[in-house]
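# A structural walkthrough
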Amino acid sequence: MGLGVRSRRYALLAEDGVVKVLNLVDGGAFTFSVTEDLLKLKEWAKAQDINDPKSGSLSSYALCLLVIFHFQLKLME
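Let me sum up the structure you'll find in this document. (Residues numbered from 1 in each chain as written. Predicted model: local features only at pLDDT ≥ 70, side-chain atom pairs only at ≥ 80, totals over all residues. Heavy atoms only, no water.)

## A short note on the nonpolar core
The biggest cluster of nonpolar side chains holds six residues, and these are Val34, Leu38, Leu41, Ala45, Leu63 and Val67. Breaking this core down by element, the ones donating at least two residues are α1 (35-47) and α2 (60-76). Discounting residues that sit within four places of it in the chain, Leu38 has contacts with Cys64 and Val67. (Core = buried A, V, L, I, M, F, W, Y, C linked by side-chain atoms within 4.5 Å. Buried < 20%, exposed > 50% of the residue type's maximum accessible area, 1.4 Å probe, protein only. Helix = DSSP H or I, 4+ residues; strand = E, 2+ residues; numbered from the N terminus. Contact = heavy atoms within 4.5 Å.)

## Things to note about the packing of α1 against α2
With their axes 10 Å apart at the nearest point, α1 and α2 run at an angle of 135 degrees to one another. Regarding the angle of α1 to α2, the classification is oblique. For the crossing formed where α1 meets α2, the hand is right-handed. Where α1 approaches α2, its residues Asp37, Leu38, Leu41, Lys42 and Ala45 are matched on the opposing element by Ser60, Leu63, Cys64, Val67 and Phe71. (Axes fitted to C-alpha atoms, helices over the stretch in contact; angles between N-to-C directions. Parallel < 35°, antiparallel > 145°, perpendicular 65-115°, else oblique. Left-handed = near helix turned anticlockwise from the far one by under 90°.)

## Topic: the pairing of strand β2 (residues 18-25)
Inspection of the sheet shows strand β1 (residues 9-15) paired to β2 by seven bridges, in the antiparallel sense. Counterpart to Glu15 in the pairing with β2 is Val18. The antiparallel hairpin formed by β1 and β2 contains two residues in its connecting segment, where Asp16 sits at a positive phi of about 55 degrees. (Pairing = 2+ DSSP bridges.)

See the structure below:
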């Protein structure tokens, strides 16, 4: 189960308010979801007592961004 359907990407060239060139790329379905991995990470961090930004550790949001960054790097390999 993914997040849904991505919208179209586009680029256009306009002169004096008139569109001269319009490039569209069709959107596609998201086929990869990290939701389960993020929830597991949050549970693990809470169990390790490292999910409390007030005490100087990372927030859930920061941990999620690190996981997403990791997956982005994997896709680039």
